[in-house]
Amino acid sequence: MPSPTPIAGASRMLRHRLLGSLRTRGSATSGQSRWTSPGHEHQPKGYLFNRPPPPPGQSRNWEDWELPCYITSFLTIVILGVGLNAKPDLTIETWAHQKALERLQMEASASGSADSE
């Protein structure tokens, strides 16, 4: 029977590495990390995108990016809708159906000409 010391040593080392990395990663007392920062507000305001509504009687001012983004999105939908509906049907089922109809028509014309002879 092998001695339990290699397995116990390996499990101890693994536990030490895992717990050590968990302690240093993402704890609240460690301060800023590379990926997170504490931010500048303690409580969110509760508004969509953290933007308060405009005063009554005033409309919201558009950002610089909104009009080009809305126009481009609308044109993309229109172009895709028209283009995808107008594309030719190139599926193999459609091709096989057309070939089968051509063969049936050829057979019908051949049997029609053979009957007339």
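Residues numbered from 1 in each chain as written. Predicted model: local features only at pLDDT ≥ 70, side-chain atom pairs only at ≥ 80, totals over all residues. Heavy atoms only, no water.

Another aspect to go through is the overall build of the chain. Helices and strands together make up the secondary structure of the chain, namely 3 helices and 0 strands. Ordered by position in the sequence, the α and β elements of the chain form the string α-α-α. Taking all 117 residues of the chain together, 1% fall into the buried category. Carbon and sulfur atoms form 63% of the exposed surface of the chain, whose accessible area is close to 11,500 Å². (Helix = DSSP H or I, 4+ residues; strand = E, 2+ residues; numbered from the N terminus. Buried < 20%, exposed > 50% of the residue type's maximum accessible area, 1.4 Å probe, protein only. Areas by Shrake-Rupley, 256 points an atom, 1.4 Å probe, with all protein chains shown as cover.)

Another aspect to go through is the packing of aromatic side chains. Evaluation of the coordinates by the stated rule reveals 1 aromatic pair. Taken together, a centroid distance of 5.4 Å and an interplanar angle of 85° make the contact between W62 and Y70 edge-to-face. (Phe/Tyr/Trp six-rings, centres within 6.5 Å; stacked < 30°, edge-to-face > 60°.)

Considering every residue of the chain, the mean pLDDT works out to 82; 74% of them sit at 70 or more. The element-level mean pLDDT for the chain is lowest in helix 1 (residues 5-24), coming to 75, with helix 2 (residues 66-86) highest at 96. (pLDDT = per-residue confidence, 0-100.)

Turning our attention to the pattern of salt bridges. With the rule as written, the count across this model stands at 3 salt bridges. Across the pair E63 and R51 runs a salt bridge, and its minimum N-O distance is 3.7 Å. Taken together, the residues E63 in the loop between helix 1 and helix 2 and R51 in the loop between helix 1 and helix 2 connect sequence positions 12 residues apart. Under the relative-accessibility criterion, E63 is labelled partly exposed at 37%. Taking the shortest distance from any N to any O, the salt bridge between E102 and K99 comes out at 3.8 Å. One end of the pair, E102, and the other, K99, are both in helix 3 (residues 92-116), 3 residues apart, so they sit about a helical turn from each other. Taking the relative accessible area as the measure of exposure, E102 reaches 41% and is therefore partly exposed. Overall, K99 belongs to the partly exposed group, its relative accessible area being 34%. (Salt bridge = Lys/Arg side-chain N within 4 Å of Asp/Glu carboxyl O.)

To continue, consider the side chain of E66. Positionally, E66 belongs in helix 2. Setting aside residues up to four positions removed in sequence, E66 forms contacts with R60 and N61. (Contact = heavy atoms within 4.5 Å.)

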